Amino acid sequence: MKKYLVIGNPIDHSLSPKLQNWWLKENNIDAKYDKIKLEDHEIKNFIQTIKEQKIAGCNVTVPFKKTVIPFLDKLSPEAEHTQSVNTITFDNGHLVGHNTDIVGFDSAIRKLNFSVNGKKVLILGAGGVVPSIIFALKNMNVQEITISNRTKEKAENLRVLFKDLKILEWGNLTDFHMVINATSLGLNNEKINLNFSSSGNDRLFYDVIYNPQETQFLKMGKKLGYRTENGKTMFVYQALEAFKLWHRIEPKVNTDTFKLLDND
């Protein structure tokens, strides 16, 4: 039986095993998918277990999407451009890092029927999935992307990858059509203490967090009368792309898929 894992820290919130094991069963694949919490110093040895084929492949979540890169042999073009890896495969003796977050985010926004073409986007946070979101947004022809992070230096570091980003001091706000919470604030019911009340009409509040389903950030957006969306659809479609990379099969995504995650 092949073994797959998702690594991260924290990791308890991850619904990846629930979804991936559901698809494995649906497609009669003899494999098991689990989650494991790691520390920085354990990453190198863990990646070696994939090279030795004790583990067939893995997903990577915060805070290790960049940490794993030095231990891989190759990166996909998207992973190279964003310096962010969320899926690792073993192909012809090589460990390959992929980025399926880009497709996941793109699919989620398109299914919302919310056009960001020519619009302004504010992103809260600068780590984890943020480079992937920026990459996807640029492909959608946004007008302007502004980053605000509690540690300003991390936001400024993103300019190495994306030259035309605007940086905003944490606590300040700018005009936007879409605001994305890409921080971890909300995983444990924390609030984001920003005053969005003067942000105008016709705005989308998007949270990459999918568990819990409605963070304090989304509750605030809803209370202000804005459209809100969590990261569940993005999560499902990035997982689908990872499943395809490992098993060369496209799993079904339907209402049952989302009900499965809603039950948690």
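Here is what the cut-offs are and how they apply
- Residues numbered from 1 in each chain as written.
- Predicted model: local features only at pLDDT ≥ 70, side-chain atom pairs only at ≥ 80, totals over all residues.
- Heavy atoms only, no water.
- Helix = DSSP H or I, 4+ residues; strand = E, 2+ residues; numbered from the N terminus.
- Buried < 20%, exposed > 50% of the residue type's maximum accessible area, 1.4 Å probe, protein only.
- Polar contact = N/O pair within 3.5 Å; in protein donor to acceptor, adjacent residues only side chain to side chain.
- Contact = heavy atoms within 4.5 Å.
- Salt bridge = Lys/Arg side-chain N within 4 Å of Asp/Glu carboxyl O.

## A word on the side chain of Asn59
Part 1 of the reasoning: Within the fold, Asn59 resides in strand β3 (residues 57-60).
Part 2 of the reasoning: Overall, Asn59 belongs to the buried group, its relative accessible area being 5%.
Part 3 of the reasoning: Looking at Asn59, its side chain comes within polar contact range of the side chain of Tyr33, at 2.6 Å.
Part 4 of the reasoning: Side-chain polar atoms of Asn59 contact the backbone oxygen of Asn86, separated by 3.1 Å.
Part 5 of the reasoning: Setting aside chain neighbours within four positions, we find Asn59 in contact with Leu5, Val6, Ile7, Gln20, Tyr33, Asn86, Thr87, Ala242 and Trp246.

## A short note on the pattern of salt bridges
Part 1 of the reasoning: The tally for this structure, following the rule as stated, stands at 13 salt bridges.
Part 2 of the reasoning: Here Lys51 ties to Asp73 by a salt bridge, and the two come within 3.2 Å at their closest N and O atoms. Of this pair, Lys51 sits in helix α2 (residues 43-51) while Asp73 sits in the loop between β3 and β4 (74-75); the two residues are 22 residues apart in sequence, bridging distant segments of the chain.
Part 3 of the reasoning: The class of Asp73 is partly exposed, set by a relative accessible area of 35%.
Part 4 of the reasoning: We note a salt bridge from Asp175 to Arg203, for which the minimum N-O separation is 3.3 Å. Highlighted residues: Asp175 in the loop between β9 (166-169) and β10 (178-181) and Arg203 in the loop between β10 and β11 (204-207), separated in sequence by 28 residues.
Part 5 of the reasoning: With relative accessibility at 40%, the residue Asp175 sits in the partly exposed group.
Part 6 of the reasoning: Residues joined by salt bridges that share partners form a network here, namely Lys152, Glu156 and Glu169.

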